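Inside the fold
Below are the chains, spelled out letter by letter.
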Amino acid sequence: MICLGIEGTAHTIGVGIAEDVNEKCKVLANIIKMYQPKEGGIHPREAANHHATFIGDLIIKAIETAKIDKKDIDLIAFSKGPGLGPCLRTAATAARALSLTLNKSIVGVNHCVAHIEIGRGTTGCRDPVLLYVSGANTQTIAFAEGKYRVFGETLDIGIGNMLDKFGRTIGLEFPCGPKIEKLAEKGKKYIDLPYSIKGMDVAFSGLLTAAENIARDKKQRLEDICYSIQETAFAALTEITERAMAHTEKNEVLLGGGVACNKRLREMVKTMAKERGAKFYVPRNNLCVDNGAMIAWNGILMYQSGTKMSIKETTIDQKYRTDMVDVKWR
Amino acid sequence: MAVKKKIIYRGAEAEILLSKYLNYKAIEKRRIEKKYRIKELDHKLRAIRTKEEAKLMIEARKNGVPVPIIYDVDLKNCTITMEYLQGKKLKDILNNVSEKERKKLCKMIGENIAKLHNNNIIHGDITTSNMILFNGKIHFIDFGLGELNSEIEAKGTDLHVLMEAFEATHFKHPKCFQYVLQGYQSKLKDDAKQVIKKIEEIVKRGRYR
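What you are looking at is a predicted structure, and each value in this text was computed from that prediction instead of being measured.

How each quantity is defined
- Residues numbered from 1 in each chain as written.
- Chains lettered and ligands numbered in written order.
- Predicted model: local features only at pLDDT ≥ 70, side-chain atom pairs only at ≥ 80, totals over all residues.
- Helix = DSSP H or I, 4+ residues; strand = E, 2+ residues; numbered from the N terminus.
- Rg over C-alpha atoms; globule rule 2.2 N^0.38 Å.
- Buried ≥ 20, exposed ≤ 12 C-beta atoms within 10 Å, placed from the backbone.
- Contact = placed C-beta atoms within 7 Å.
- Axes fitted to C-alpha atoms, helices over the stretch in contact; angles between N-to-C directions.
- Parallel < 35°, antiparallel > 145°, perpendicular 65-115°, else oblique.
- Expected span 1.5 Å × (residues − 1).
- Pairing = 2+ DSSP bridges.
- Domains from an automatic or database assignment.
- Nonpolar A, V, L, I, M, F, W, Y, C, P; charged D, E, K, R; others polar.
- Core = buried A, V, L, I, M, F, W, Y, C linked by C-beta atoms within 7 Å.
- Left-handed = near helix turned anticlockwise from the far one by under 90°.

Turning to the overall build of chain B, a few remarks are in order. Along its length, chain B carries six helices and ten strands. Against the 2.2 N^0.38 benchmark of 17 Å for 209 residues, chain B shows a C-alpha radius of gyration of 17 Å, consistent with a compact globule. The principal-axis extent of the C-alpha atoms belonging to chain B is close to 50 × 40 × 30 Å. When burial is assessed residue by residue, chain B has 44% of its 209 residues classed as buried. A separation of at least 24 residues holds for 65% of the contacts in chain B among residues at least 6 apart in sequence.

In structure tokens form, the structure reads like this:
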């Protein structure tokens with residue numbers, strides 16, 4: 001079965017085409033385009049306009065890349081949520097139009113669940129704890145009795161959001177994560193920052209405020225501050241991942257989300273896994289970030305396990321939580 | 001003098017070893033070095049947590065909350081030697097008892113938490129994995145993320161951790177947390193409504209609520 005998936009929850013509009021081969025995911029095409037704000041963070045309406053401008057071309061390009069005919073597509077999938085309303089609506093509208101034009105079935109996918117499924121579908125892990133780290137989301141997720149349940153999450157802001165906010169304070173452009181990573185590589189001195197863990201949850205707002213204050217004082221090297229932010233925040237993320245693994249008694253760990261591209265975070269989680277005799281998995285970078293292929297792949301899983309949606313049911317849900325999805329395919 | 005010690009449990013941050021203290025059967029909780037984090041941060045976290053944990057356990061016991069008796073604290077090796085409780089984890093019991101029994105246990109949990117909070121003891125990681133039923137009493141363990149704090153925010157967060165643990169682990173029994181709050185309300189000296197209101201506020205602060 002071949003599915004075309006459209007992702008549009010936040011800054012990225014993506015079209016991916018996936019096929020199931022022996023119960024594994026084969027990515028035939030995966031094209032993304034990211035909205036770049038002129039200043040500040042994501043403006044939801046501007047982002048949606050950006051998505052509307054490019055979605056048509058991306059669909060054509062994805063079909064060309066996959067070397068298929070549009071008649072070969074069996075299913076359309078789209079990101080139902082969670083995310084920014086205007087962006088979600090744009091992606092959903094494109095998916096509905098495509099579904100009606102091609103006369104193919106359509107399913108709405110939970111964006112967070114898609115991140116875990118693309119990992120399971122392409123890396124070989126079977127029953128992992130997922131550390132899902134992106135701009136908006138920071139969660140540890142694992143499967144338990146029919147659902148992906150959230151064991152730990154941020155109590156305030158997502159890790160990527162924290163990095164972006166700090167980055168803006170020191171004059172970096174969105175997305176700031178990769179730039180902070182570069183600066184951190186040249187950091188040498190560790191500056192004490194708040195380390196906040198509540199049970200299996202984390203919180204970053206205290207760390208952000210402290211780091212911003214230190215940066216404004218201009219007494220410390222920027223590289224050292226970035227280094228200290230990464231070391232502190234990523235250690236906390238690794239710790240809640242390990243806590244979720246101990247609690248759920250699982251021995252596989254999977255990374256997902258845009259921040260999973262960070263090399264230092266990967267190294268830390270990998271070391272943690274090694275120390276407790278667990279296996280470490282991370283999808284390739286273009287499947288870690290927001291992308292259409294993961295939506296397509298999750299669409300296939302849903303459709304094959306019996307989920308069918310009428311156009312009327314293809315509404316979006318800005319607050320579509322991970323644990324609201326009935327996981328029929330496992 | 002060297003006694004052979006067997007690891008009986010490996011948690012996220014510590015190893016639990018079977019040991020002996022004088023003639024008592026004991027366990028050693030050893031916070032092990034984590035190579036994923038830098039040395040400065042690693043040692044700071046392990047030392048602070050070991051010290052806080054011992055302090056808070058003694059404080060809890062003084063105020064009538066069942067906890068293992070502390071025999072020894074070794075800050076250099078980040079190790080606490082304490083009483084061995086031959087009981088069962090509440091996580092493994094709670095799903096397998098009658099609703100009546102579950103209500104009784106959950107109320108006991110709530111009463112224990114109220115006794116801690118009456119004395120401004122914040123546990124920091126209240127989950128059913130950190131409770132042991134022994135001699136008919138629920139013992140609290142693992143105070144490593146705890147602190148002394150009188151703020152309603154801290155007490156609300158403390159209960160919020162348990163609420164989430166129930167949602168993830170005991171989701172088949174949705175009334176558990178309500179029972180806990182009943183027990184909590186019955187023993188808390190201050191107005192429990194304020195804390196309950198704070199929990200609702202903390203939930204709303206989260207993503208997608």
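Another point: the packing of helix α6 (residues 205-217) of chain A against helix α7 (residues 222-248) of chain A. Residue and element names in this part refer to chain A. Two elements in contact, α6 and α7, have axes whose closest approach is 10 Å; the angle formed by their N-to-C orientations is 170°. The angle between α6 and α7 places the two elements in the roughly antiparallel class. Judged by residue contacts, Leu-207, Ala-211, Ile-214 and Ala-215 of α6 engage Leu-222, Ile-225, Ile-229, Thr-232 and Ala-233 from α7.

Residues and elements named next belong to chain A. Compared with an ideal rise of 1.5 Å per residue, which puts 13 residues at 18 Å, helix α3 (residues 111-123) spans 18 Å between its outermost C-alpha atoms and is within 8% of the ideal. Across the 13 residues that make up α3, a large majority, 13, are buried. Remark: Gly-124 follows α3 within two positions and exhibits a positive phi of approximately 95°.

For the rest of this paragraph, the subject is the pairing of strand β5 (residues 79-83) of chain B. Residues and elements named next belong to chain B. Extensive coverage of β5 is indicated by the burial of four of its five residues. Where strand β3 (residues 24-31) and β5 come together, five bridges link them in antiparallel fashion. From the neighbouring strand, Glu-28 faces β5, where its bridge partner is Thr-81. Pairing between strand β4 (residues 70-74) and β5: four bridges, direction antiparallel. From the neighbouring strand, Asp-74 faces β5, where its bridge partner is Thr-79. With antiparallel pairing between neighbouring strands as the criterion, β4 and β5 make up a hairpin whose turn holds four residues, including Cys-78 at a positive phi of roughly 50°.

The next point concerns the sheet that holds β5(B). Residue and element names in this part refer to chain B. Within the open sheet, the five strands sit side by side as β1-β2-β3-β5-β4. Their pairing is antiparallel. At either end of the open sheet lies a strand with only one pairing partner, and these are β1 (6-10) and β4. If you compare each strand with its neighbour and ignore which way they point, the axes differ by 25° on average. One ladder, built from four bridges, connects β1 with strand β2 (residues 14-21); its direction is antiparallel. Bridge pairing links Tyr-9 to Ile-16 in β2. Strand contacts of helix α1 (residues 39-62): β3, β4 and β5, with the helix running at about 160° to β4, the strand carrying the most contacts.

Turning to the domain arrangement of chain B, a few remarks are in order. Residue and element names in this part refer to chain B. The assigned domain composition of chain B is domain 1 (6-83) and domain 2 (88-205). Computed over C-alpha atoms only, the centres of domain 1 and domain 2 are separated by 22 Å. Every contact between the two is made by 14 residues of domain 1 and, on the other side, 14 residues of domain 2. Looking at the side of domain 1 that touches domain 2 residue by residue, the classes come out as seven nonpolar, two polar and five charged.

Further remarks concern helix α8 (residues 263-275) of chain A. If you check α8(A), its first and last C-alpha atoms are 18 Å apart, about what 13 residues at 1.5 Å a residue would give, namely 18 Å. Elements in contact with the buried residues of α8(A): β6 (129-133), α7, β11 (252-256) and β12 (279-281) of chain A.

Turning our eyes to something else, we now look at the domain arrangement of chain A. Residue and element names in this part refer to chain A. Per the domain assignment, the segments making up chain A are domain 1 (2-117 + 290-324) and domain 2 (125-286). Facing 14 residues of domain 1, the contacting portion of domain 2 comprises 19 residues. When residues in the side of domain 1 that touches domain 2 are grouped by element, the largest group, four residues, is from α3. The residue inventory of the side of domain 1 that touches domain 2, partitioned by class, reads five nonpolar, seven polar and two charged.

Moving on, we get to the interface of chain B and chain A. Taken together, the contact pairs 22 residues of chain B with 29 residues of chain A. Elements that contribute at least two residues to the side of chain B that touches chain A include exactly α1, α4 (152-169) and α6 (192-205) of chain B. When the residues that make up the side of chain B that touches chain A are grouped by side-chain class, the tally is ten nonpolar, six polar and six charged.

On to unusual backbone geometry. Along the chain, A:Gly81 connects to A:Pro82 via a cis peptide bond; the corresponding omega equals -5°. Looking at the element boundaries, A:Pro82 is found in the loop between β4 (75-81) and α2 (85-102). With phi around 50°, B:Leu22 is a residue other than glycine that occupies positive phi space. Secondary-structure assignment places B:Leu22 in the loop between β2 and β3. Residue classification places B:Leu22 among the exposed positions, given that 6 C-beta atoms sit within 10 Å. Unlike most non-glycine residues, B:Cys78 shows phi in positive territory, near 50°.

Next up on the list: the environment of A:Leu254. Residues and elements named next belong to chain A. Residue placement: Leu-254 occurs in strand β11. For the pair Leu-254 and Pro-283, spaced 29 residues apart in sequence, the C-alpha separation works out to 8.2 Å. Discounting residues that sit within four places of it in the chain, Leu-254 has contacts with Ile-116, Gly-119, Thr-123, Cys-125, Pro-128, Leu-130 and Tyr-281.

Residue and element names in this part refer to chain A. Counting 167 residues, the largest nonpolar core has Ala-18, Ala-62, Leu-237 and Ala-296 as its most contacted members. Examining the composition of this core, we find that twelve residues originate from one element, α7, more than from any other. Aside from chain neighbours lying at most four places away, what touches Ala-62 is Leu-4, Val-15, Gly-16, Ile-17, Ala-29 and Ile-31.

The next thing to look at is the sheet that holds strand β9 (residues 137-140) of chain B. All names here are of chain B. Taken in spatial order, the three strands line up as β6-β8-β9 in an open sheet, and their pairing is antiparallel. Whereas interior strands pair on both sides, the edge strands pair on one side only; in this sheet they are β6 (88-89) and β9. Together, β8 (131-134) and β9 form the strand contacts of helix α3 (residues 99-118), whose direction differs from that of β9 by roughly 45°.

Residue and element names in this part refer to chain A. Running from N to C, helix α5 (residues 177-185) and α7 cross one another at 110°; their axes reach a closest spacing of 7 Å. By the criterion of interaxial angle, the relationship of α5 to α7 is roughly perpendicular. Seen along the crossing, α5 lies across α7 with a hand that is left-handed. Residue-level inspection shows Ile-180, Leu-183 and Ala-184 of α5 in contact with α7, the latter providing Leu-222, Glu-223, Cys-226, Tyr-227, Ile-229 and Gln-230. Residue composition of the contact of α5 with α7, by class: seven nonpolar, one polar and one charged.

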